[in-house]
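Summary of the model geometry
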Amino acid sequence: MLSIKNLHASVEGKEILKGINLEIKAGEVHAIMGPNGSGKSTLSQVLAGNEAFEVTEGEVTLNGENLLDLETEERAREGIFLAFQYPVEIPGVSNLQFLRTAVNAMRTHRGEEEMNAAEFMKLAKEVSKQVDLDPSFLKRGVNEGFSGGEKKRNEIMQALLLQPKLAILDETDSGLDIDALKVVSDGVNALRSEDRAILMVTHYQRLLNHIVPDYVHVLAGGKIIKSGGRELALELEEKGYGWLGIKDEETADSAAN
Amino acid sequence: MATTDKEVNELIKREYEHGFVTEIEADTFEPGLNEDVIARLSAIKKEPEWMLEWRLKAYRRWLEMEEPDWAHVGYPKIDYNSISYYSAPKRKEDMPQSLDEVDPELLKTYEKLGIPLHEREKLAGVAVDAVFDSVSVATTFKEPLAKAGVIFCSISEAVRDYPELVQKYLGTVVPHGDNFFAGLNSAVFSDGTFVYVPKGVRCPMELSTYFRINAANTGQFERTLIIADEGSYVSYLEGCTAPMRDENQLHAAVVELVALDDAQIKYSTVQNWYPGDENGKGGIYNFVTKRGACIGKNSKISWTQVETGSAVTWKYPSCVLRGENSVGEFYSVALTHNYQQADTGTKMIHLGKNTRSTIISKGISAGKSSNAYRGLVKFGPGAEGARNFTQCDSLLIGDRCGAHTFPYIESKNKSAIVEHEATTSKVSDEQMFLCRQRGIDPEQAVSMIVNGFCKEVFKELPMEFAVEAGKLLEVSLEGSVG
Ligand SMILES: Nc1ncnc2c1ncn2[C@@H]1O[C@H](COP(=O)(O)OP(=O)(O)OP(=O)(O)O)[C@@H](O)[C@H]1O
Ligand SMILES: [Mg+2]
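From a predicted model like this one, the values you see are computed outputs, not experimental measurements.

What follows concerns the overall build of chain A. Within chain A one finds ten helices and twelve strands. The C-alpha radius of gyration computed for chain A amounts to 18 Å, which stays within 12% of the reference 18 Å derived for 257 residues, consistent with globular compactness. Once the C-alpha set of chain A is aligned to its principal axes, its extents read approximately 55 × 40 × 35 Å. Relative to its 257 residues, chain A shows a buried fraction of 53%. Long-range pairs, those at least 24 residues apart, make up 68% of the contacts in chain A with a sequence separation of at least 6. Summed over its atoms, the accessible surface of chain A is roughly 11200 Å², and 47% of this surface lies on carbon and sulfur atoms. Across chain A, 28 positive and 42 negative side-chain charges occur, with their mean positions spaced 4 Å apart.

Check the secondary structure of chain B and you find eleven helices and 23 strands. Across chain B, contacts joining residues at least 24 apart in sequence account for 84% of those joining residues at least 6 apart. For chain B, the computed accessible surface area is about 17700 Å², with 50% contributed by carbon and sulfur atoms.

With that settled, the discussion passes to the side chain of S174(A). Among the structural elements, S174(A) can be located in the loop between β9 (166-170) and α7 (178-191). Look past the residues within four positions of S174(A) in its chain and what remains in contact with it is K152(A) and Y204(A).

Taken together, S41(A) (OG) and Q85(A) (OE1) make up the protein donors of the magnesium ion (ligand 2), found 2.0 to 2.2 Å from the metal. Taken together, the positions of S41(A) in helix α1 (residues 40-48) and Q85(A) in the loop between β6 (80-83) and β7 (90-94) put the pair 44 residues apart, joining distant regions of the chain.

Each partner contributes residues to the interface: chain A has 34 residues there, and chain B has 22 residues. Of the roughly 2200 Å² buried at the junction of chain A and chain B (both faces included), carbon and sulfur atoms supply 61%. Here chain A is connected to chain B by five salt bridges. Linking E73(A) and R436(B) is a salt bridge whose minimum nitrogen-to-oxygen distance equals 2.5 Å. Viewed at the interface, chain B and chain A are joined by twelve residue pairs in polar contact (both at pLDDT 80 or more). Contributions of two or more residues to the side of chain A that touches chain B are made by α1, α2 (72-77), β6, β7, α3 (95-109) and α6 (148-162) of chain A. The element that contributes the greatest number of residues to the side of chain A that touches chain B is α3(A), accounting for six residues.

This part takes up helix α8 (residues 180-188) of chain B. All names here are of chain B. Where burial is concerned, most of α8 is hidden: nine out of the nine residues are buried. Of the positions making up α8, those classed as buried are F180, F181, A182, G183, L184, N185, S186, A187 and V188. Backbone nitrogen of F181 and a side-chain oxygen of the N-cap are separated by 2.9 Å at the start of α8; the cap is N179.

This brings us to the nonpolar core. Ranked by internal contacts, the top residues of the largest apolar core, which has 102 residues, are L2(A), I4(A), F98(A), M200(A) and I364(B). Ranked by the residues each element gives to this core, the list is headed by helix α10 (residues 442-458) of chain B, at nine residues. Beyond its immediate stretch of four places on either side in the chain, I4(A) contacts I20(A), N21(A), L22(A), L43(A), L47(A), E59(A) and V60(A). The next biggest cluster of nonpolar side chains, apart from the first, holds 34 residues, and it includes Y267(B), F330(B), M348(B) and A416(B).

All names here are of chain B. Between helix α9 (residues 429-437) and α10, whose axes approach to 9 Å, the crossing angle comes to 125°. It follows that α9 is oblique to α10 by the angle criterion. Relative to α10, α9 is oriented so that their crossing is right-handed. Only P442, A445, V446, M448 and I449 of α10 make contact with α9, whose side of the interface consists of Q431, M432, C435 and R436. A per-class count over the contact of α9 with α10 returns seven nonpolar, one polar and one charged.

Our focus in this paragraph is unusual backbone geometry. Residue and element names in this part refer to chain B. For K46, which is not a glycine, the phi torsion comes out positive at approximately 50°. Examined against the element boundaries, K46 turns out to sit in the loop between α2 (35-44) and α3 (49-63). The phi torsion at N354 lies on the positive side, around 50°, for a residue other than glycine. Of note, N354 is situated in the loop between β18 (341-350) and β19 (356-366). Residue N354 is classed as partly exposed on the basis of its relative accessible area of 33%.

Moving on: the pattern of salt bridges. Residues and elements named next belong to chain B. One pass over the full model with this rule turns up 22 salt bridges over all chains. E410 is the salt-bridge partner of K378, the closest N and O atoms lying 3.7 Å from each other. Pair noted here: K378 is in strand β20 (residues 370-379) and E410 is in strand β22 (residues 402-411), with a separation of 32 residues, a long-range link.

Residues and elements named next belong to chain B. If you walk through the whole model with that rule in mind, you get twelve aromatic pairs over all chains. Look at Y80 and F180: their rings are 5.5 Å apart centre to centre, the planes differ by 70°, and that puts the pair in the edge-to-face class. Taken together, the residues Y80 in the loop between α3 and β2 (87-89) and F180 in helix α8 connect sequence positions 100 residues apart. Owing to a relative accessible area of 10%, Y80 belongs among the buried residues under this scheme. For F180, a relative accessible area of 6% translates into the label buried. Measuring from ring centre to ring centre gives 4.9 Å for Y267 and W303, while their planes differ by 55°; the resulting arrangement is tilted.

The rules behind the values
- Residues numbered from 1 in each chain as written.
- Chains lettered and ligands numbered in written order.
- Predicted model: local features only at pLDDT ≥ 70, side-chain atom pairs only at ≥ 80, totals over all residues.
- Heavy atoms only, no water.
- Helix = DSSP H or I, 4+ residues; strand = E, 2+ residues; numbered from the N terminus.
- Rg over C-alpha atoms; globule rule 2.2 N^0.38 Å.
- Buried < 20%, exposed > 50% of the residue type's maximum accessible area, 1.4 Å probe, protein only.
- Contact = heavy atoms within 4.5 Å.
- Areas by Shrake-Rupley, 256 points an atom, 1.4 Å probe, with all protein chains shown as cover.
- Lys, Arg positive; Asp, Glu negative; His and termini not counted.
- Charge placed at Lys NZ, Arg CZ, Asp CG, Glu CD.
- Donors = N, O, S within 2.8 Å, 3.2 Å for Na, K, Ca; no water.
- Buried area = accessible area lost by both parts, 1.4 Å probe.
- Salt bridge = Lys/Arg side-chain N within 4 Å of Asp/Glu carboxyl O.
- Polar contact = N/O pair within 3.5 Å; in protein donor to acceptor, adjacent residues only side chain to side chain.
- Core = buried A, V, L, I, M, F, W, Y, C linked by side-chain atoms within 4.5 Å.
- Axes fitted to C-alpha atoms, helices over the stretch in contact; angles between N-to-C directions.
- Parallel < 35°, antiparallel > 145°, perpendicular 65-115°, else oblique.
- Left-handed = near helix turned anticlockwise from the far one by under 90°.
- Nonpolar A, V, L, I, M, F, W, Y, C, P; charged D, E, K, R; others polar.
- Phe/Tyr/Trp six-rings, centres within 6.5 Å; stacked < 30°, edge-to-face > 60°.

Below is the structure:
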């Protein structure tokens, strides 16, 4: 489904991704781990088409189509979804309105009819229950005054509503209490399906107890330096990144920002 | 690099929907202004002697006045002798008595503008007075209003039919010498709306006036006077458009509101005069004086405005809070794009005890436009226990536009309290990225974010208008992202 070849990207003239190679097939769940500042969020943002990052080399295809040629919104409509590490607030725009606009943009793209307010309300209420968010959150401004955990649940709610082909989850588990972690994991597991791939960035192997990945990759210094199965995460937890021979200053250097 | 900035900076196209010209035979004065012109104008309108005297007095006063240059706007000097002071669609006799007598071309114009005047099509429950260039062409729902005792007619009719009311209140809120443009208006005002709501009457429907400038090189100088007698209530809406023309056109209106004891006036405006093209050519100069006097105790006047049009806007709807416990409110959304300039705000003059005022101003700037809020909150010595709350928020789209806030506070009473909040924000790259990541078009995203920003003001508008205002913002922002 997604194929990344020798991807290089930089921001403000500084190279962050230094040759990423990754193949993700439909139905698979891939976890990306790695030290702070190693480029995990950058990879997520580049895939979603954030123009703050410049792709300098390499190629990315989604089901054979060149992804890098598409605008952000076109990628979204092709089924790329990014759950943000730091969801931004849009004051005054109700969550409900925002979500309906998004869902209808996708539907229009697929040649389906738009959902009216009442239909959408019903759907949104169901999905908000699924992530244990009170329906009152639908009326509030997008992420406006949401707690960290609420924002993360709101992101998963969006994924559930938009039913993407590739869901990229950037640290959707951080900042969650134990119950919320369960709720979010259930949400992600509900997304798992034969024709959908999930790429999740995490620091904690405990998440992987809930959402069992098919592959685990370690991203360091802008490259994937090791890939393995589920057991790699356990090994990392035990031994830390030092075990993989990541130089201390490299980590410190890229994290110092 | 930064996504939206780049795109937003490619701001360009913008379509003005109402830019067509109506081909209609018109009686139009030669350009120029002198006492003869005023006398002719007054004669055409069959005005009584006192009205002409009033105009001439204003004119003489105006000749001595200087055009203000302190507003945060720039425009070439206006030659007041190059403007025509009267233009009216030609018709056989007098004012049309019913819609059937209105020229079908005109009816079509209003239909095209979404203001169907015809009985069968008219906006549900909204009475409309349509002003075309210098004259009122039709007023709807006259009968049910008359039954309630509400007078709703053109000011020209009121001058003839209700001279006592007009004489008693005209110029009491905005006197001749108030400012340059008000002085000019007093001398040459052409038409406008008159409303009188009698004691204890709650006006049974929304009243609205729709102003349309059509003729070239004419100025529109409308005059509106609304009087809410004791314990009455009225909600009044005003909408405006003009054709696209390369020359600038002047619009200098005066609106006076008077609220007696326990009366309430809600005045809403959606102003969408032609703003000029993307290079700043053409557009309306909108220099307006709007003021309400809460002369009675417990009276209330609220101004709600959505200003998206005009090349240059200079407008400060104000409240003079004379009556004890009277309340003044000002809710404003002002959007500027391309080369538009807006200098708008309000004045809240607290004279009576325990008077209260609220100011919520939302300024949105896009393109190379400039948007200024100018507000004065003044407390006289008698304004014991008076309070004001002011909130001024600015939203910038792109990085070539400007927002300025000039709040002035003058207090002669120590017990008066003012709270002031101000914020400036941008439609951020992160917000745009979030929207686009969810599949939303950049233009729709900007419009959604801007609508969110204006929410507090939109909720003050009557329902049908709120929807219209939201759509208008969308149209006005067209081309604000690449
Ligand atoms: N807009 C930017 N301007 C400058 N540097 C940036 C920008 N965005 C990211 N970087 C830098 O790129 C590097 C990689 O950042 P990224 O956010 O991808 O790390 P990460 O692996 O997600 O880290 P964490 O685990 O802390 O979330 C960091 O050094 C970061 O400071
Ligand atoms: Mg990160």
